[in-house]
Amino acid sequence: MTAVYIHFPFCVQRCQYCDFITYANVSHFIPTYLDALKKEMRLVLPGAKSADTVYFGGGTPSLLKPEQVSDLLQTMNGLIGINSDAEITLEANPGTLTPEVLRGWRKIGVNRLSLGIQSFLDSDLQVLGRIHSAEQANQSIKAAQESGFSNISLDFIFGLPGQTLQNWQQNLDEALTKSIQHLSLYSLIIEPGTPFERDVAAGQLELPDDDLVADMFELAMDFLPKNGFQQYEISSWALGAENESRHNKVYWKNADYFGLGAGAHGKVGDHRVQNVPTIPDYISRIEQAPDEKAIFSPALAEKTFVDEKTSMQESMLLGLRMTREGISENEFRNCHKVEMREVFQAEIGRILQAGLGQWQLQADGEHLVLTHRGIMLGNQAFQEFV
Ligand code: SF4
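Here is what the cut-offs are and how they apply
- Residues numbered from 1 in each chain as written.
- Predicted model: local features only at pLDDT ≥ 70, side-chain atom pairs only at ≥ 80, totals over all residues.
- Pairing = 2+ DSSP bridges.
- Helix = DSSP H or I, 4+ residues; strand = E, 2+ residues; numbered from the N terminus.
- Core = buried A, V, L, I, M, F, W, Y, C linked by C-beta atoms within 7 Å.
- Buried ≥ 20, exposed ≤ 12 C-beta atoms within 10 Å, placed from the backbone.
- Contact = placed C-beta atoms within 7 Å.
- Near = placed C-beta within 6 Å.
- Nonpolar A, V, L, I, M, F, W, Y, C, P; charged D, E, K, R; others polar.
- Domains from an automatic or database assignment.
- Axes fitted to C-alpha atoms, helices over the stretch in contact; angles between N-to-C directions.

**Thoughts on the sheet that holds strand 15 (residues 327-328)**
Spatial strand order, 15-17-16: three strands in an open sheet with antiparallel pairing. At either end of the open sheet lies a strand with only one pairing partner, and these are strand 15 and strand 16 (357-362). Across six bridges, strand 16 lies against strand 17 (residues 365-370) in antiparallel orientation. Pairing of Gln360 across the sheet is with His367, part of strand 17.

**Thoughts on the environment of Arg42**
Take Arg42: it is sitting in helix 1 (residues 30-44). Arg42 sits 33 residues away from Thr75 along the chain, and the two C-alpha atoms are 8.1 Å apart.

**Description of the nonpolar core**
Counting 73 residues, the largest nonpolar core has Val4 and Ile6 as the members making the most contacts within it. The biggest single contributor to this core is helix 1, with six residues. With residues near it in sequence (within four places) discarded, Val4 still touches Ala51, Val54, Met76, Tyr257, Phe258 and Leu260. Residues Met316, Phe332, Phe344 and Leu368 belong to the second largest nonpolar core, which totals 16 residues.

**Focus on the site of the ligand**
Cys11, Arg14, Cys15, Cys18, Phe20, Thr22, Gly58, Gly59, Thr60, Asn93 and Gly116 make up every residue found near the ligand. Taken together, the residues of the shell around the ligand sort by class into four nonpolar, six polar and one charged.

**What about the environment of Gly81?**
Residue placement: Gly81 occurs in the loop between helix 2 (66-79) and strand 5 (82-92). On the basis of neighbour count, Gly81 is assigned to the partly exposed category, with 14 C-beta atoms found within 10 Å. Between the C-alpha atom of Gly81 and that of Asp52, which follows or precedes it by 29 residues, the distance is 9.2 Å.

**A word on the domain arrangement of the protein chain**
Examined at the domain level, the protein chain breaks down into domain 1 (2-251) and domain 2 (308-385). The partner domain 2 presents eight residues to the nine residues of domain 1 that form the contact. Broken down by element, the side of domain 1 that touches domain 2 gets its largest block of residues, four residues, from strand 9 (residues 230-233). Across the side of domain 1 that touches domain 2, the residue classes tally to five nonpolar, two polar and two charged.

**Thoughts on the sheet that holds strand 13 (residues 271-275)**
Sheet strands associate in pairs through backbone hydrogen bonding, adopting either a parallel or an antiparallel arrangement. The strand order across the open sheet built from three strands is 12-13-14, with neighbouring strands paired in antiparallel fashion. Only two strands of the sheet have a single neighbouring strand rather than two, namely strand 12 (265-268) and strand 14 (300-305). Neighbour-to-neighbour, the strand axes of this sheet turn through a mean angle of 20°, independent of strand direction.

**Focus: unusual backbone geometry**
Between Gly58 and the following residue, Gly59, the backbone shows a cis peptide bond with an omega angle of 15°. The backbone phi angle of Asn25 is positive, close to 60°, even though this residue is not glycine. Tracing the backbone through its elements, the reader meets Asn25 in the loop between strand 3 (23-24) and helix 1. Of note, Gln118 is a non-glycine position whose phi angle comes to about 70°, a positive value. For Gln118, a count of 25 C-beta atoms within 10 Å corresponds to the buried category.

**Remarks on the environment of Gln231**
Checked against the element boundaries, Gln231 lands in strand 9. Placed 15 residues apart in sequence, Gln231 and Arg246 show a C-alpha to C-alpha distance of 15 Å. Ignoring sequence-local partners within four residues, the contact set of Gln231 consists of Met221, Leu224, Pro225, Trp237 and Thr323.

**Overview of the pairing of strand 13**
Relative to strand 13, strand 12 runs antiparallel, the two being bridged by four bridges. Bridging across to strand 13, Gly266 finds its partner in Val273. With antiparallel pairing between neighbouring strands as the criterion, strand 12 and strand 13 make up a hairpin whose turn holds two residues, including Gly269 at a positive phi of roughly 60°. Note: strand 13 against strand 14, five bridges, orientation antiparallel. Residue pairing for strand 14: Arg272 is matched across the bridge by Thr304.

Shown next, in the form of C-alpha coordinates:
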(Lines give C-alpha, C1' and ligand atoms only; values in the text may rest on other atoms or scores of the structure.)
Protein backbone atom coordinates (compact mmCIF):
# COMPACT_ATOMS: atom_id res chain seq x y z
CA MET A 1 0.00 0.00 0.00
CA THR A 2 1.35 3.43 -0.93
CA ALA A 3 0.20 6.81 0.35
CA VAL A 4 1.23 9.97 -1.49
CA TYR A 5 0.89 13.53 -0.22
CA ILE A 6 1.28 16.31 -2.80
CA HIS A 7 1.85 19.81 -1.44
CA PHE A 8 0.54 22.79 -3.41
CA PRO A 9 1.95 25.88 -1.67
CA PHE A 10 -0.02 28.58 -3.47
CA CYS A 11 -2.77 30.76 -1.92
CA VAL A 12 -4.72 33.79 -3.09
CA GLN A 13 -3.78 35.58 0.14
CA ARG A 14 -2.44 34.54 3.51
CA CYS A 15 -4.94 34.04 6.30
CA GLN A 16 -4.16 35.86 9.55
CA TYR A 17 -3.55 32.70 11.60
CA CYS A 18 -1.70 30.58 9.04
CA ASP A 19 1.87 29.34 9.42
CA PHE A 20 1.70 26.65 6.73
CA ILE A 21 4.27 26.53 3.96
CA THR A 22 2.38 28.51 1.37
CA TYR A 23 2.81 31.73 -0.60
CA ALA A 24 0.54 34.39 -2.12
CA ASN A 25 1.07 36.28 -5.40
CA VAL A 26 3.47 33.75 -6.93
CA SER A 27 1.05 31.95 -9.26
CA HIS A 28 3.49 32.52 -12.17
CA PHE A 29 5.49 29.60 -10.72
CA ILE A 30 2.60 27.13 -11.03
CA PRO A 31 3.42 25.63 -14.47
CA THR A 32 7.10 24.96 -13.62
CA TYR A 33 6.11 23.77 -10.14
CA LEU A 34 3.79 21.17 -11.69
CA ASP A 35 6.58 20.04 -14.04
CA ALA A 36 8.87 19.68 -11.01
CA LEU A 37 6.23 17.62 -9.17
CA LYS A 38 6.00 15.24 -12.13
CA LYS A 39 9.77 14.89 -12.27
CA GLU A 40 9.93 14.30 -8.48
CA MET A 41 7.39 11.50 -9.01
CA ARG A 42 9.56 9.97 -11.76
CA LEU A 43 12.58 10.05 -9.44
CA VAL A 44 11.17 8.74 -6.15
CA LEU A 45 8.02 6.72 -6.88
CA PRO A 46 9.24 3.87 -9.16
CA GLY A 47 9.42 0.60 -7.26
CA ALA A 48 6.63 1.57 -4.84
CA LYS A 49 3.38 -0.40 -4.71
CA SER A 50 0.32 1.08 -6.37
CA ALA A 51 -1.19 4.10 -4.65
CA ASP A 52 -3.99 3.50 -2.20
CA THR A 53 -4.35 7.11 -1.07
CA VAL A 54 -3.42 10.37 -2.76
CA TYR A 55 -3.85 13.67 -0.93
CA PHE A 56 -3.55 17.11 -2.53
CA GLY A 57 -2.93 19.50 0.38
CA GLY A 58 -1.76 23.03 0.72
CA GLY A 59 -1.84 25.85 0.39
CA THR A 60 -4.85 25.89 -1.88
CA PRO A 61 -4.82 22.92 -4.27
CA SER A 62 -8.30 23.95 -5.41
CA LEU A 63 -6.50 26.59 -7.50
CA LEU A 64 -5.54 23.67 -9.77
CA LYS A 65 -7.58 23.11 -12.90
CA PRO A 66 -8.95 19.59 -13.45
CA GLU A 67 -6.53 19.02 -16.35
CA GLN A 68 -3.58 19.89 -14.09
CA VAL A 69 -4.73 17.47 -11.38
CA SER A 70 -5.36 14.88 -14.07
CA ASP A 71 -1.85 15.33 -15.46
CA LEU A 72 -0.34 14.65 -12.01
CA LEU A 73 -2.59 11.63 -11.42
CA GLN A 74 -1.82 10.20 -14.86
CA THR A 75 1.90 10.57 -14.26
CA MET A 76 1.57 8.73 -10.95
CA ASN A 77 -0.64 6.08 -12.49
CA GLY A 78 1.91 5.50 -15.25
CA LEU A 79 4.71 5.05 -12.72
CA ILE A 80 3.18 2.92 -9.96
CA GLY A 81 -0.53 2.63 -10.72
CA ILE A 82 -3.38 4.04 -8.68
CA ASN A 83 -5.77 1.45 -7.24
CA SER A 84 -9.27 1.60 -8.65
CA ASP A 85 -10.66 2.12 -5.13
CA ALA A 86 -7.96 4.59 -4.06
CA GLU A 87 -9.00 7.51 -1.86
CA ILE A 88 -8.09 10.70 -3.74
CA THR A 89 -8.58 13.81 -1.61
CA LEU A 90 -8.26 17.43 -2.62
CA GLU A 91 -8.33 20.30 -0.11
CA ALA A 92 -10.54 23.09 -1.39
CA ASN A 93 -11.10 26.69 -0.40
CA PRO A 94 -14.75 27.72 -0.95
CA GLY A 95 -13.52 31.02 -2.41
CA THR A 96 -11.97 29.24 -5.40
CA LEU A 97 -14.71 26.87 -6.56
CA THR A 98 -17.01 26.73 -9.55
CA PRO A 99 -19.44 23.93 -10.48
CA GLU A 100 -17.42 23.28 -13.69
CA VAL A 101 -14.16 22.78 -11.78
CA LEU A 102 -15.86 20.54 -9.21
CA ARG A 103 -17.39 18.40 -11.98
CA GLY A 104 -13.99 18.26 -13.68
CA TRP A 105 -12.18 16.98 -10.56
CA ARG A 106 -14.87 14.40 -9.91
CA LYS A 107 -14.64 13.21 -13.51
CA ILE A 108 -10.88 12.62 -13.34
CA GLY A 109 -11.11 10.57 -10.16
CA VAL A 110 -10.94 12.94 -7.17
CA ASN A 111 -13.41 11.28 -4.81
CA ARG A 112 -12.97 13.09 -1.50
CA LEU A 113 -13.19 16.83 -0.93
CA SER A 114 -11.92 18.54 2.19
CA LEU A 115 -13.52 21.97 2.35
CA GLY A 116 -11.95 24.69 4.51
CA ILE A 117 -15.16 26.22 5.83
CA GLN A 118 -13.69 27.32 9.23
CA SER A 119 -16.95 29.07 10.27
CA PHE A 120 -20.42 29.77 8.90
CA LEU A 121 -20.29 33.29 10.36
CA ASP A 122 -19.04 36.08 8.09
CA SER A 123 -17.67 38.01 11.08
CA ASP A 124 -15.42 35.03 11.99
CA LEU A 125 -14.27 34.63 8.38
CA GLN A 126 -13.30 38.30 8.19
CA VAL A 127 -11.28 38.10 11.42
CA LEU A 128 -9.50 34.99 10.11
CA GLY A 129 -8.70 36.73 6.82
CA ARG A 130 -10.40 34.06 4.74
CA ILE A 131 -11.15 34.92 1.11
CA HIS A 132 -14.63 33.37 1.20
CA SER A 133 -17.99 34.29 2.73
CA ALA A 134 -20.51 32.10 4.54
CA GLU A 135 -22.70 32.23 1.44
CA GLN A 136 -19.83 30.92 -0.71
CA ALA A 137 -19.28 28.14 1.82
CA ASN A 138 -22.93 27.10 1.52
CA GLN A 139 -22.84 27.28 -2.27
CA SER A 140 -19.62 25.27 -2.51
CA ILE A 141 -21.00 22.41 -0.40
CA LYS A 142 -24.14 22.31 -2.54
CA ALA A 143 -22.16 22.49 -5.79
CA ALA A 144 -19.81 19.72 -4.63
CA GLN A 145 -22.74 17.44 -3.88
CA GLU A 146 -24.41 18.26 -7.21
CA SER A 147 -21.11 17.44 -8.92
CA GLY A 148 -21.20 13.91 -7.51
CA PHE A 149 -18.99 14.17 -4.41
CA SER A 150 -20.34 11.79 -1.78
CA ASN A 151 -17.37 11.98 0.57
CA ILE A 152 -17.09 15.55 1.80
CA SER A 153 -15.23 16.73 4.86
CA LEU A 154 -15.69 20.19 6.39
CA ASP A 155 -12.89 21.87 8.39
CA PHE A 156 -13.77 24.21 11.25
CA ILE A 157 -11.72 26.20 13.75
CA PHE A 158 -13.00 26.84 17.27
CA GLY A 159 -11.71 29.11 20.01
CA LEU A 160 -11.89 32.08 17.62
CA PRO A 161 -11.64 35.68 18.84
CA GLY A 162 -15.03 36.67 20.26
CA GLN A 163 -16.54 33.22 19.69
CA THR A 164 -19.17 32.07 22.18
CA LEU A 165 -20.42 28.58 22.94
CA GLN A 166 -23.67 29.54 21.18
CA ASN A 167 -21.81 30.61 18.01
CA TRP A 168 -19.93 27.32 18.03
CA GLN A 169 -23.14 25.33 18.50
CA GLN A 170 -24.66 27.24 15.55
CA ASN A 171 -21.73 26.18 13.37
CA LEU A 172 -22.14 22.54 14.31
CA ASP A 173 -25.93 22.73 13.86
CA GLU A 174 -25.50 24.19 10.41
CA ALA A 175 -22.83 21.65 9.43
CA LEU A 176 -25.23 18.83 10.28
CA THR A 177 -27.87 20.23 7.92
CA LYS A 178 -25.46 19.68 4.98
CA SER A 179 -25.51 15.89 4.55
CA ILE A 180 -21.73 15.70 4.70
CA GLN A 181 -19.68 12.67 5.78
CA HIS A 182 -16.76 14.02 7.82
CA LEU A 183 -15.80 16.88 10.10
CA SER A 184 -12.34 18.08 11.17
CA LEU A 185 -12.43 20.49 14.11
CA TYR A 186 -9.28 22.29 15.22
CA SER A 187 -8.78 24.68 18.10
CA LEU A 188 -7.14 27.94 17.07
CA ILE A 189 -3.43 27.94 17.77
CA ILE A 190 -1.62 31.27 17.77
CA GLU A 191 1.47 30.45 15.76
CA PRO A 192 4.70 32.43 16.01
CA GLY A 193 5.26 34.97 13.26
CA THR A 194 1.61 35.23 12.20
CA PRO A 195 -0.41 38.47 12.17
CA PHE A 196 -2.60 36.87 14.87
CA GLU A 197 0.39 36.53 17.17
CA ARG A 198 1.22 40.21 16.69
CA ASP A 199 -2.38 41.28 17.28
CA VAL A 200 -2.73 39.18 20.43
CA ALA A 201 0.53 40.60 21.78
CA ALA A 202 -0.69 44.14 21.02
CA GLY A 203 -3.96 43.47 22.86
CA GLN A 204 -5.96 43.94 19.66
CA LEU A 205 -7.33 40.43 19.55
CA GLU A 206 -9.08 38.87 22.49
CA LEU A 207 -9.25 35.10 22.63
CA PRO A 208 -11.68 32.94 24.60
CA ASP A 209 -10.12 31.55 27.78
CA ASP A 210 -8.90 27.95 27.98
CA ASP A 211 -11.99 26.77 29.88
CA LEU A 212 -14.32 28.08 27.20
CA VAL A 213 -12.21 26.47 24.45
CA ALA A 214 -12.31 23.17 26.36
CA ASP A 215 -16.11 23.55 26.67
CA MET A 216 -16.32 23.99 22.86
CA PHE A 217 -14.34 20.81 22.29
CA GLU A 218 -16.46 18.90 24.80
CA LEU A 219 -19.63 20.24 23.22
CA ALA A 220 -18.54 18.75 19.87
CA MET A 221 -17.59 15.46 21.56
CA ASP A 222 -21.03 15.19 23.16
CA PHE A 223 -23.16 16.61 20.38
CA LEU A 224 -21.78 14.99 17.23
CA PRO A 225 -22.08 11.31 18.28
CA LYS A 226 -25.77 11.95 19.08
CA ASN A 227 -26.09 12.89 15.41
CA GLY A 228 -24.28 9.92 13.93
CA PHE A 229 -20.73 11.32 13.76
CA GLN A 230 -18.25 9.17 15.62
CA GLN A 231 -15.01 10.73 16.82
CA TYR A 232 -12.20 8.50 15.55
CA GLU A 233 -9.29 10.89 16.06
CA ILE A 234 -8.78 13.83 18.42
CA SER A 235 -9.86 16.34 15.74
CA SER A 236 -11.85 14.09 13.35
CA TRP A 237 -15.42 12.81 13.25
CA ALA A 238 -16.88 10.52 10.56
CA LEU A 239 -20.34 9.37 9.64
CA GLY A 240 -19.46 5.66 9.85
CA ALA A 241 -16.03 4.01 9.71
CA GLU A 242 -16.17 3.92 5.89
CA ASN A 243 -15.88 7.73 5.85
CA GLU A 244 -12.79 7.94 8.04
CA SER A 245 -9.83 9.49 6.21
CA ARG A 246 -7.74 6.57 4.94
CA HIS A 247 -4.87 8.88 4.09
CA ASN A 248 -4.65 10.51 7.52
CA LYS A 249 -4.80 7.11 9.18
CA VAL A 250 -1.53 6.27 7.40
CA TYR A 251 0.08 9.07 9.43
CA TRP A 252 -1.52 8.01 12.71
CA LYS A 253 -0.50 4.39 12.18
CA ASN A 254 3.10 5.57 11.81
CA ALA A 255 3.31 4.05 8.31
CA ASP A 256 5.47 5.21 5.40
CA TYR A 257 4.24 7.84 2.95
CA PHE A 258 5.70 9.93 0.15
CA GLY A 259 5.61 13.72 0.55
CA LEU A 260 6.07 15.54 -2.75
CA GLY A 261 6.45 19.27 -3.35
CA ALA A 262 7.98 22.25 -1.57
CA GLY A 263 8.04 21.83 2.21
CA ALA A 264 6.33 18.43 2.07
CA HIS A 265 7.03 15.95 4.85
CA GLY A 266 7.39 12.23 4.26
CA LYS A 267 8.34 9.02 6.02
CA VAL A 268 10.69 6.74 4.13
CA GLY A 269 11.60 3.61 6.11
CA ASP A 270 13.76 4.66 9.07
CA HIS A 271 13.78 8.32 8.09
CA ARG A 272 11.48 11.27 8.43
CA VAL A 273 12.14 13.71 5.61
CA GLN A 274 11.16 17.20 4.55
CA ASN A 275 11.70 19.03 1.27
CA VAL A 276 13.04 22.57 0.97
CA PRO A 277 10.27 25.06 1.79
CA THR A 278 10.62 27.70 -0.92
CA ILE A 279 9.14 27.25 -4.37
CA PRO A 280 12.16 28.49 -6.43
CA ASP A 281 14.54 26.28 -4.40
CA TYR A 282 12.31 23.29 -4.82
CA ILE A 283 11.98 23.80 -8.58
CA SER A 284 15.69 24.34 -9.18
CA ARG A 285 16.74 21.35 -7.02
CA ILE A 286 14.40 19.07 -8.95
CA GLU A 287 15.24 20.55 -12.36
CA GLN A 288 18.98 20.10 -11.79
CA ALA A 289 18.73 16.54 -10.49
CA PRO A 290 19.90 13.72 -12.81
CA ASP A 291 17.05 11.76 -14.31
CA GLU A 292 17.58 8.62 -12.27
CA LYS A 293 15.76 6.78 -9.50
CA ALA A 294 16.45 8.16 -6.02
CA ILE A 295 15.43 6.89 -2.59
CA PHE A 296 15.31 10.43 -1.23
CA SER A 297 14.08 13.44 -3.18
CA PRO A 298 16.72 15.79 -4.63
CA ALA A 299 14.70 18.56 -2.98
CA LEU A 300 15.38 17.11 0.46
CA ALA A 301 16.15 19.70 3.15
CA GLU A 302 16.04 17.50 6.25
CA LYS A 303 16.48 13.81 6.84
CA THR A 304 16.15 12.51 10.38
CA PHE A 305 17.02 8.94 11.27
CA VAL A 306 14.37 7.44 13.55
CA ASP A 307 15.84 4.80 15.85
CA GLU A 308 13.72 1.90 17.06
CA LYS A 309 12.96 3.41 20.48
CA THR A 310 11.85 6.69 18.90
CA SER A 311 9.79 4.81 16.34
CA MET A 312 7.97 2.96 19.12
CA GLN A 313 7.33 6.24 20.92
CA GLU A 314 5.96 7.71 17.69
CA SER A 315 3.63 4.70 17.29
CA MET A 316 2.26 5.40 20.77
CA LEU A 317 1.97 9.17 20.32
CA LEU A 318 0.31 8.95 16.94
CA GLY A 319 -1.78 5.87 17.70
CA LEU A 320 -3.30 7.39 20.81
CA ARG A 321 -4.69 10.16 18.63
CA MET A 322 -7.03 7.57 17.11
CA THR A 323 -9.75 7.76 19.72
CA ARG A 324 -11.76 4.80 18.40
CA GLU A 325 -8.99 2.38 17.43
CA GLY A 326 -6.17 3.50 19.66
CA ILE A 327 -3.09 1.28 19.42
CA SER A 328 -3.58 -2.38 18.63
CA GLU A 329 -1.36 -4.70 20.63
CA ASN A 330 -1.09 -7.02 17.62
CA GLU A 331 -0.20 -4.25 15.17
CA PHE A 332 2.42 -2.90 17.56
CA ARG A 333 3.97 -6.38 17.90
CA ASN A 334 3.93 -6.93 14.11
CA CYS A 335 5.57 -3.58 13.50
CA HIS A 336 8.15 -3.47 16.30
CA LYS A 337 8.63 -7.19 17.16
CA VAL A 338 8.18 -6.53 20.88
CA GLU A 339 5.23 -6.26 23.27
CA MET A 340 3.86 -2.77 23.83
CA ARG A 341 3.08 -3.66 27.45
CA GLU A 342 6.68 -4.64 28.12
CA VAL A 343 8.37 -1.68 26.47
CA PHE A 344 6.06 0.92 27.96
CA GLN A 345 4.95 -0.81 31.14
CA ALA A 346 5.57 2.22 33.38
CA GLU A 347 4.13 4.77 30.93
CA ILE A 348 0.97 2.76 30.27
CA GLY A 349 0.60 2.14 34.00
CA ARG A 350 0.60 5.88 34.71
CA ILE A 351 -1.89 6.55 31.88
CA LEU A 352 -4.29 3.91 33.24
CA GLN A 353 -3.81 5.10 36.82
CA ALA A 354 -4.63 8.70 35.87
CA GLY A 355 -7.80 7.56 34.08
CA LEU A 356 -6.48 8.85 30.75
CA GLY A 357 -6.51 5.51 28.92
CA GLN A 358 -7.98 2.04 29.05
CA TRP A 359 -7.56 -1.38 27.47
CA GLN A 360 -10.38 -2.27 25.12
CA LEU A 361 -11.08 -5.63 23.48
CA GLN A 362 -11.67 -5.06 19.74
CA ALA A 363 -12.09 -7.52 16.85
CA ASP A 364 -8.33 -8.20 16.51
CA GLY A 365 -7.42 -8.20 20.21
CA GLU A 366 -6.62 -5.63 22.87
CA HIS A 367 -6.19 -1.94 22.05
CA LEU A 368 -4.99 0.89 24.26
CA VAL A 369 -7.40 3.81 23.79
CA LEU A 370 -7.85 7.17 25.45
CA THR A 371 -10.81 7.66 27.78
CA HIS A 372 -13.05 10.74 27.52
CA ARG A 373 -10.81 12.35 30.17
CA GLY A 374 -7.74 11.30 28.17
CA ILE A 375 -9.10 12.93 25.01
CA MET A 376 -9.78 16.18 26.91
CA LEU A 377 -6.31 16.09 28.49
CA GLY A 378 -4.51 14.51 25.53
CA ASN A 379 -1.19 16.23 26.20
CA GLN A 380 -0.87 14.59 29.62
CA ALA A 381 -1.02 11.17 27.99
CA PHE A 382 1.20 12.14 25.04
CA GLN A 383 3.89 13.50 27.35
CA GLU A 384 4.62 9.95 28.45
CA PHE A 385 6.10 9.23 25.03
CA VAL A 386 8.05 12.39 24.30
S1 SF4 B 1 -6.05 29.21 2.67
FE2 SF4 B 1 -5.18 27.71 4.13
S3 SF4 B 1 -3.04 27.46 3.52
FE4 SF4 B 1 -3.79 29.32 2.51
S5 SF4 B 1 -3.22 30.98 3.88
FE6 SF4 B 1 -5.32 30.37 4.44
S7 SF4 B 1 -5.08 28.82 6.05
FE8 SF4 B 1 -3.07 29.08 5.06
